[in-house]
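An overview of the molecular structure
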Amino acid sequence: MNYKNIVFPNYDHCILGTISSILKYYNVETKHKTSEKIDAILNEREYRNVIFLVLDGLGEHILNDISKEGFLNKNKVDCVTSVYPSTTAALTTYYSGCPPYETGWIAWSQYFKEYGRALDMFSHKESYLREEIKNPLMDVYKKVVNYESIFSKIEKASPIVKAYELEPEYAERRALRSINANNIDEIIMNINDLCKTPDKKFILAYSDNPDSLLHKFGVTSEEAKKFIKETEDKIEEMTKNISEDTILIISADHGHKDIQKAYTLLDYPEIQECLIMPASLECRFLSFFVKEEMKEKFVERFNKVFEKEFWLMSKEEFLNKYHFLGYGNKHYKIDDFIGNYVAISTSGSMIRLETFLAEGKAIRKSTHCGLTKEEMEVPVIVIKK
């Protein structure tokens, strides 16, 4: 494998460090490495308002291409890697203060043997038919992949602080103080209102754009450019009047890469023959449960087709040689979610997750979860007086 054109997650310098620094500031014990730059900035003074704005999908290279000399880049203090996988599940690192290795949130779609189904982790729907799981005898989200949120950790360690989350209406609630904010205008309006109150507070605000626009229109689209430029202007206007005891930290969960080629494994019966069950996880990060007696044939057959576009490795290599999911106390479900092989895209290609029961999800113009720099690198921006 040629490592020159890929970016590994750097757990000494990644998005986990950003949130770990915020937790440290609020006296939360964390065993994970913090960001030296964010630590230094937070230690400059006591802040009444610490705001962390996550712009989903706003990768380093997207921001540079669209607004290299703009307000956000002028206030950039660092460029860090995402955790792996570089996908929406990386948000869980922000919400938990832990790497994927510890939370068990490792992809958009994960197979739960408790239900005999692959589930979309954020929507809670069955991955292939996109149906609700009705009246389960056990809620796997509460019993299996549950974690303590940063909001709870902060309020326990610093009782004087109120922790808020601003989320779209459809999103799962993780904080006791949760406010609906469906777009950047509503986010800014609520930040302004909250900052007027005298309480000490931490605010995590989440915008599902530009990610949604990037998926639909692509990284070079006018729609994505318009959103990013307008959002930048709105943030600049908002921060003109922030007080000296307010700090705004902005980052992302991952970047994006345009899709150039899409495959389906249903076209390769010689690969299907090797599998115990359908591939799962993500279209650019696939888990394979391979029959023991077919391992050599699977590697040979998969690489014959995909070697130039996907990096196929063993589970042992993925977890213990390269530590893609990070370090710490391994979540007990990791071994259920990951088969004996994984394949990660190193190009602009994807493999659709589908069966003969249901067609895979629509192919998007742009997506994430590969190892390219476009997906793996995100900016860290700090704005204060």
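Residues numbered from 1 in each chain as written. Predicted model: local features only at pLDDT ≥ 70, side-chain atom pairs only at ≥ 80, totals over all residues. Heavy atoms only, no water.

**Observations concerning the pattern of salt bridges**
Just so we agree on the cut-off: Salt bridge, as used here: a side-chain nitrogen of Lys or Arg that lies within 4 Å of a carboxyl oxygen of Asp or Glu. Runs of E in the DSSP output that reach at least two residues are strands. Runs of H or I that reach at least four are helices, and both are numbered from the N terminus. For every residue, the accessible area obtained with a 1.4 Å probe (protein chains only) is divided by the maximum for its type, and the residue is called buried under 20%, exposed over 50%, and partly exposed between those limits.
As enumerated under the stated definition, the model contains 25 salt bridges in all. The partner of aspartate 39 in a salt bridge is lysine 24, and the shortest N-O contact between them spans 3.7 Å. Of this pair, aspartate 39 sits in helix H2 (residues 36–42) while lysine 24 sits in helix H1 (residues 15–25), and the two are 15 residues apart along the sequence. A relative accessible area of 46% means that lysine 24 is categorised as partly exposed. Between lysine 76 and glutamate 60 there is a salt bridge; the shortest N-O distance is 2.6 Å. Here lysine 76 is found in strand S2 (residues 76–81), whereas its partner glutamate 60 is found in helix H3 (residues 60–67), with 16 residues between them in sequence. Judged by its relative accessible area of 7%, glutamate 60 is buried. Connected via shared salt-bridge partners are Lys113, Glu114, Lys333 and Asp336.

**Here's the deal with the side chain of arginine 48**
To be explicit about the condition: Counted as a polar contact is a pair of N or O atoms within 3.5 Å, where, for protein atoms, one must be capable of donating a hydrogen and the other of accepting one, and residues adjacent in sequence contribute only when both atoms are in side chains. Note on contacts: a residue pair qualifies if any of its non-hydrogen atoms lie within 4.5 Å across the two residues.
Here arginine 48 shows up in the loop between H2 and strand S1 (49–55). Relative accessible area serves as the criterion here: at 18%, arginine 48 is assigned to the buried category. Side-chain polar atoms of arginine 48 contact the backbone oxygen of threonine 197, separated by 2.6 Å. Beyond its immediate stretch of four places on either side in the chain, arginine 48 contacts Cys195, Thr197, Pro198, Asp199, Lys200, Lys201, Ser243, Asp245 and Thr246.

**Some thoughts on the pairing of strand S7 (residues 200–207)**
Selection rule: In this scheme, strands are said to pair when DSSP sees at least two bridges between them.
The element S7 is extensively covered by neighbouring structure, given that 7 of its 8 residues are classed as buried. Relative to S7, S1 is paired through 7 bridges, and the arrangement is parallel. Looking across to S7, one finds that leucine 55 is bridged to serine 207.

**Details of the sheet that holds strand S6 (residues 177–180)**
What counts is decided by this rule: Orientation is described by lines fitted to C-alpha atoms, with helices fitted over the stretch in contact, and by angles between N-to-C directions that extend from 0 to 180 degrees.
Spatially, the 7 strands line up as an open sheet ordered S2-S17-S8-S1-S7-S5-S6, and their pairing is mixed. The sheet is open, and its two borders are formed by S2 and S6, each paired with just one other strand. Here the average twist between neighbouring strands, direction ignored, is 20°. Helix H9 (residues 184–195) contacts S1, strand S5 (161–167), S6, S7 and strand S8 (246–251) of the sheet and is inclined by roughly 180° relative to S7. On top of the sheet, helix H11 (residues 222–239) reaches S1, S7, S8 and strand S17 (377–384); it is set at about 170° to S8, its chief contact.

**So, the layout of surface pockets**
Note the cut-off: For each structure, a 1 Å grid was placed over the protein atoms alone; sets of points admitting a 1.4 Å probe that cannot get out are labelled cavities, open sets with protein on both sides within 12 Å along at least five of seven lines are labelled pockets, and lining residues have an atom within 4 Å of a point. Grid points are joined across faces, edges and corners, and a volume is the space filled by probe spheres set on the points. Amino acid classes used here: Ala, Val, Leu, Ile, Met, Phe, Trp, Tyr, Cys and Pro are nonpolar; Asp, Glu, Lys and Arg are charged; the rest, including Gly, are polar.
Looking at the largest pocket, its volume works out to about 930 Å³. Forming the boundary of the largest pocket are 36 residues, of which Thr88, Trp108, Asp120, Lys361 and Arg364 lie nearest the centre. Elements with a minimum of two residues in the lining of the largest pocket: helix H5 (91–96), helix H10 (211–217), strand S11 (280–282) and strand S15 (349–352). Class assignment for the residues of the lining of the largest pocket results in 13 nonpolar, 10 polar and 13 charged.

**Considering the packing of H3 against H11**
Heads up, the condition is: Should an angle fall under 35 degrees it is called roughly parallel, over 145 degrees roughly antiparallel, and 65 to 115 degrees roughly perpendicular, with every other angle called oblique.
Their axes nearest at 10 Å, the elements H3 and H11 cross at an angle of 85°. With respect to each other, H3 and H11 are oriented roughly perpendicular. Seen from H3, the contacting residues are Ile62, Leu63, Ile66 and Ser67; seen from H11, they are Ala224, Lys225, Ile228, Lys229 and Glu232. Partitioned by chemical class, the residues of the contact of H3 with H11 number 5 nonpolar, 1 polar and 3 charged.

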